[in-house]
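Architecture and fold: a report
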Amino acid sequence: MKYINEYREENLTRSLLEQLKNIVKQPWTIMEICGGQTHAIIKSGLDQLLPPEITLIHGPGCPVCVTPLELIDKAIALASRPDVIFVSYGDMLRVPGSERDLFSVKAAGGDIRIVYSPLDSLKIAIQNPDKTVVFFGIGFETTAPANAMTVVQAKNQDISNFALLVSHVTVPPAISALLETSQVNVDGFLAAGHVNTVMGYWEYEPLAEKYKVPIIVTGFEPVDIVNGILMCITQLEEGRAEVENAYSRSVQQKGNQPAQTVIKQVFEPCNRSWRGIGVIPMSGYKLRKEFSAYDAELRFPEVQTITTKESSVCISGLVLQGLKKPYECPAFGKECIPQTPLGATMVSSEGACAAYYRYGRFTDFPEAIKVSA
Ligand code: SF4
């Protein structure tokens, strides 16, 4: 398949690893922001092939994982209402709330429907005029344009029985928060190429300059990732801290302008709580006043008083900040497995705990059995 197979090519990956081995002189810690990159790294064993000076830590870029418990509980409350059809992407259904998940609401008779596009919710709304259709609008900047467009379409088509439960988060404020407040020491970042496809990387340039960290816009295949690490280590060894684009087949500096325009038309920045991490100032989107009629939390104000109860065992907040690896959690692979998850990072296809479980990483790999590059 064009643009995929050549980025999975073993000889090219090994050649990039060889170059990396030749240039790295001292220990460096790099965070891959996106959970999709975490899965690619663990699946292909790249972390075991890197020179020992390089440590990879996993960042908070999993939209399902960082959706706050409060929003999950609100989703469960809305989905339990007989006058609501709740519409969501499939991987939100097994994310544990305080007492239960959306699957158990569905099993108890709640009308919950899984879609691949938020625009499908409008069709459901037209077909069910006696119900309010609530779409769970989660995600980073990648999903925001389609969700914004759905609200615009609802307004243009005068579909009044549609509402959005908004839980959007954005990457640049999270990078700032990690560098300002976290105990984790990150020397450089691999930025998430799909987010940058939408947003470009102009927002990252002031961050690289302010915090003196290289940020490399990186794709999702083994060649992409090793190339991103190579560019990051090259900068670090040369004492540079810039934004560079290792995903130019998809990303331009300014990003997708029409997508950014529709985001700005519908959403405005707001403080957002990230599950396991806490509130990060101005790190999310909320609906603008002109679109408040489509805000599910305003349409059903009773969900605003929900109280939450997080698992006392789950350390996913530390995993999401790169402070702990999944196998350091006492519940990993025991009480917490994908079928009975205690935290969202074991549910999501982008969650670090799910990646370590799926690919059998139950312990750190001792140096003796590390595969040589
Ligand atoms: S293994 Fe389970 S309980 Fe432990 S941090 Fe991951 S999701 Fe939470």
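Residues numbered from 1 in each chain as written. Predicted model: local features only at pLDDT ≥ 70, side-chain atom pairs only at ≥ 80, totals over all residues. Heavy atoms only, no water.

Next up on the list: the site of the ligand. All residues in the neighbourhood of the ligand are listed as Cys314, Ile315, Ser316, Cys329, Phe332, Cys336, Leu342, Gly343, Thr345, Met346 and Cys353. In terms of residue class, the shell around the ligand is made up of eight nonpolar, three polar and no charged. (Near = heavy atom within 4 Å. Nonpolar A, V, L, I, M, F, W, Y, C, P; charged D, E, K, R; others polar.)

Before going further, it helps to examine the nonpolar core. Residues Phe86, Phe162 and Phe267 are the most contacted members of the largest nonpolar core, which totals 89 residues. Not counting residues up to four positions away in its chain, the partners in contact with Phe267 are Ala144, Asn147, Ala148, Leu164, Val166, His168, Tyr285, Lys286, Leu287 and Arg288. Counting 37 residues, the second-largest nonpolar core is a separate cluster that includes Ile41, Ile233, Met346 and Ala355. (Core = buried A, V, L, I, M, F, W, Y, C linked by side-chain atoms within 4.5 Å. Buried < 20%, exposed > 50% of the residue type's maximum accessible area, 1.4 Å probe, protein only. Contact = heavy atoms within 4.5 Å.)

For the rest of this paragraph, the subject is helix 5 (residues 69-79). The element helix 5 is largely enclosed, with a buried count of nine among its 11 residues. Every buried residue of helix 5 is accounted for by Leu69, Leu71, Ile72, Asp73, Lys74, Ala75, Ile76, Leu78 and Ala79. (Helix = DSSP H or I, 4+ residues; strand = E, 2+ residues; numbered from the N terminus.)

A word on the environment of Ile159. Relative to the helices and strands, Ile159 resides in the loop between helix 8 (144-156) and strand 6 (162-169). The residues touching Ile159, leaving out its near neighbours within four places in the chain, are Leu122, Ala125, Ile126, Ala154 and Tyr294.

Tallied over the entire structure, the rule returns 16 salt bridges. Linking Arg113 and Asp111 is a salt bridge whose minimum nitrogen-to-oxygen distance equals 3.0 Å. With a shortest N-O distance of 3.4 Å, Lys123 and Asp120 are connected by a salt bridge. Residue Lys123 and its partner Asp120 are located together in helix 7 (residues 119-127), separated by three residues, close to a single helical turn. When its relative accessible area of 24% is taken as the criterion, Asp120 is described as partly exposed. Where salt bridges share partners, they join Glu70, Lys74 and Glu297 into one cluster. (Salt bridge = Lys/Arg side-chain N within 4 Å of Asp/Glu carboxyl O.)

Turning our eyes to something else, we now look at the sheet that holds strand 3 (residues 84-88). With respect to topology, six strands assemble into an open sheet ordered 4-3-5-6-11-10, the strand pairing being mixed. Bordering the open sheet on either side are strand 4 (112-114) and strand 10 (267-274), each of which pairs with just one other strand. On average, each strand axis in the sheet is inclined to that of its neighbour by 25°, with strand direction left out of account. Bridge count between strand 6 and strand 11 (residues 278-287): two bridges; the pairing is antiparallel. Opposite Val169, over in strand 11, you have Gly284 as the bridge partner. Contacting strand 6, strand 10 and strand 11, helix 9 (residues 171-181) crosses the sheet at an angle of about 170° to strand 11. Helix 13 (residues 257-266) contacts strand 10 and strand 11 of the sheet and is inclined by roughly 80° relative to strand 10. (Pairing = 2+ DSSP bridges. Axes fitted to C-alpha atoms, helices over the stretch in contact; angles between N-to-C directions.)

A few words now on the sheet that holds strand 8 (residues 215-218). Read from one edge to the other, the open sheet built from five strands follows the order 2-1-7-8-9, with strand pairing classed as parallel. Two strands close off the open sheet at either side, each with one partner strand: strand 2 (54-61) and strand 9 (243-245). Pairs of neighbouring strands in the sheet enclose a mean axial angle of 25°, with direction left out of account. With six bridges joining them, strand 1 (residues 28-34) and strand 2 adopt parallel strand pairing. Bridging across to strand 2, Cys34 finds its partner in Gly61.

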